[in-house]
Amino acid sequence: MASPLRAALLTAGLAMIGFGTYGLLNDAYITAPADVLVWAFGALLLHDGLWVPLLCLAGAYLARGPVLRGWLTVTAAVTAVGLPAVLRAGDDHGNPSLLPLPYLRNWLLVLAATALVALAVRLVRRWRHGTGPVRRPAAREERPAPPEDRS
């Protein structure tokens, strides 16, 4: 049986899908809704078929721990969204309002801020679990001495 929260989230999600579909089919500015659906399906395939598996493999082989993996996931998403603006900065074709911001600086600031948040989360986790930077050696198990040979 689904919890009430899960049922409410499912209902809200289905309502948003219905609203989006209604808008897609009835918006006067969208002249080819089938093209939008093809683009959305392609984006879904690219995301679930390529992007997520590559990200999971990179996280599994390159990063240890959930905080670093989470930060790498955020970094990859921010880079995927922001890289086009970073690469086109200064390419305004005579229109200075086209890309008016320092996108490279802002992208680096976002990466630095998210790295600081990840570092803070990691430090708080270490502090809460009592595994600070100095690790205590594990207690050695004492074995009884072997019996003397009296032959």
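Provided above is the structure to which this section pertains.
Reference entry: report on the structure contained in this document. Just so it is clear, the structure is predicted and the values come from calculations on it, not from any experiment.

## Structural notes on the overall build of the protein
Within the protein, the secondary structure is distributed over 4 helices and 0 strands. In summary, the protein has a C-alpha radius of gyration of 27 Å against a globular reference of 15 Å for 151 residues, an excess of more than 25%. Expressed as lengths along the three principal axes of its C-alpha atoms, the size of the protein is roughly 100 × 50 × 30 Å. Expressed as a percentage of the 151 residues in the protein, the buried residues total 9%. Of the contacts formed within the protein by residues at least 6 apart in sequence, a portion of 38% connects residues at least 24 apart.

## Concerning the packing of helix α2 (residues 33-62) against helix α3 (residues 66-88)
Relative orientation of the contacting elements α2 and α3 amounts to 140°, with a least axis distance of 10 Å. Taken as axis vectors, α2 and α3 run oblique relative to one another. Considering only the axes of α2 and α3, their crossing is right-handed. Facing Trp 51, Leu 55, Gly 59 and Ala 60 of α2, the residues of α3 in contact are Arg 69, Leu 72, Thr 73, Ala 76, Ala 77 and Ala 80. Class assignment of the residues belonging to the contact of α2 with α3 gives a composition of 7 nonpolar, 2 polar and 1 charged.

## Remarks on the packing of α3 against helix α4 (residues 103-129)
Direction vectors running N to C along α3 and α4 enclose 170°, while the axes themselves pass 10 Å from each other. With respect to each other, α3 and α4 are oriented roughly antiparallel. On the side of α3, the interface is formed by Pro 66, Val 67, Trp 71, Val 74, Thr 75, Val 78, Thr 79, Ala 85 and Val 86, while α4 contributes Tyr 103, Leu 104, Trp 107, Val 110, Leu 111, Thr 114, Ala 115, Ala 118, Val 121, Arg 122 and Arg 125.

## What about the environment of Ala 8?
Locating Ala 8 in the fold gives a position in helix α1 (residues 4-26). Take Ala 8: its relative accessible area is 46%, and that puts it in the partly exposed class. Here the alpha-carbon distance between Ala 8 and Arg 125, two residues 117 residues apart in the chain, equals 32 Å.

## Examining α4
Because an α-helix packs 3.6 residues into every turn, residues spaced three or four apart end up facing the same way. Look at α4: 39 Å from first C-alpha to last across 27 residues, which is about the 39 Å you get at 1.5 Å a residue. For α4, the complete set of buried residues consists of Tyr 103, Trp 107, Leu 111, Thr 114, Ala 118 and Arg 126. Turning to α4, the residues buried within the fold contact α3. Positive phi shows up at Gly 130, right after α4, with a value of about 70°.

## Points about the environment of Pro 66
Following the sequence through the fold, Pro 66 ends up in helix α3. C-alpha separation for the pair Pro 66 and Leu 5, spaced 61 residues apart in sequence, amounts to 26 Å.

## Side note on a nonpolar patch on the surface
Judged by side-chain polarity, Leu 10, Leu 14 and Ile 17 come together as a nonpolar surface patch covering roughly 320 Å² of accessible area. On the secondary structure map, Leu 14 appears in helix α1. For Leu 14, a relative accessible area of 53% gives the class exposed.

## Looking at α2
Its 30 residues place the ends of α2 41 Å apart at the C-alpha level, agreeing with the 44 Å of an ideal helix rising 1.5 Å per residue. At His 47, α2 shows its maximal kink, close to 35°.

Calculation notes
- Residues numbered from 1 in each chain as written.
- Predicted model: local features only at pLDDT ≥ 70, side-chain atom pairs only at ≥ 80, totals over all residues.
- Heavy atoms only, no water.
- Helix = DSSP H or I, 4+ residues; strand = E, 2+ residues; numbered from the N terminus.
- Rg over C-alpha atoms; globule rule 2.2 N^0.38 Å.
- Buried < 20%, exposed > 50% of the residue type's maximum accessible area, 1.4 Å probe, protein only.
- Contact = heavy atoms within 4.5 Å.
- Axes fitted to C-alpha atoms, helices over the stretch in contact; angles between N-to-C directions.
- Parallel < 35°, antiparallel > 145°, perpendicular 65-115°, else oblique.
- Left-handed = near helix turned anticlockwise from the far one by under 90°.
- Nonpolar A, V, L, I, M, F, W, Y, C, P; charged D, E, K, R; others polar.
- Expected span 1.5 Å × (residues − 1).
- Patch = residues over 30% accessible without salt bridge, like charges linked within 9 Å, V, L, I, M, F, W, Y side chains within 5 Å.
- Areas by Shrake-Rupley, 256 points an atom, 1.4 Å probe, with all protein chains shown as cover.
- Salt bridge = Lys/Arg side-chain N within 4 Å of Asp/Glu carboxyl O.
- Bend = angle between axes of the 7 residues up to and from the residue.

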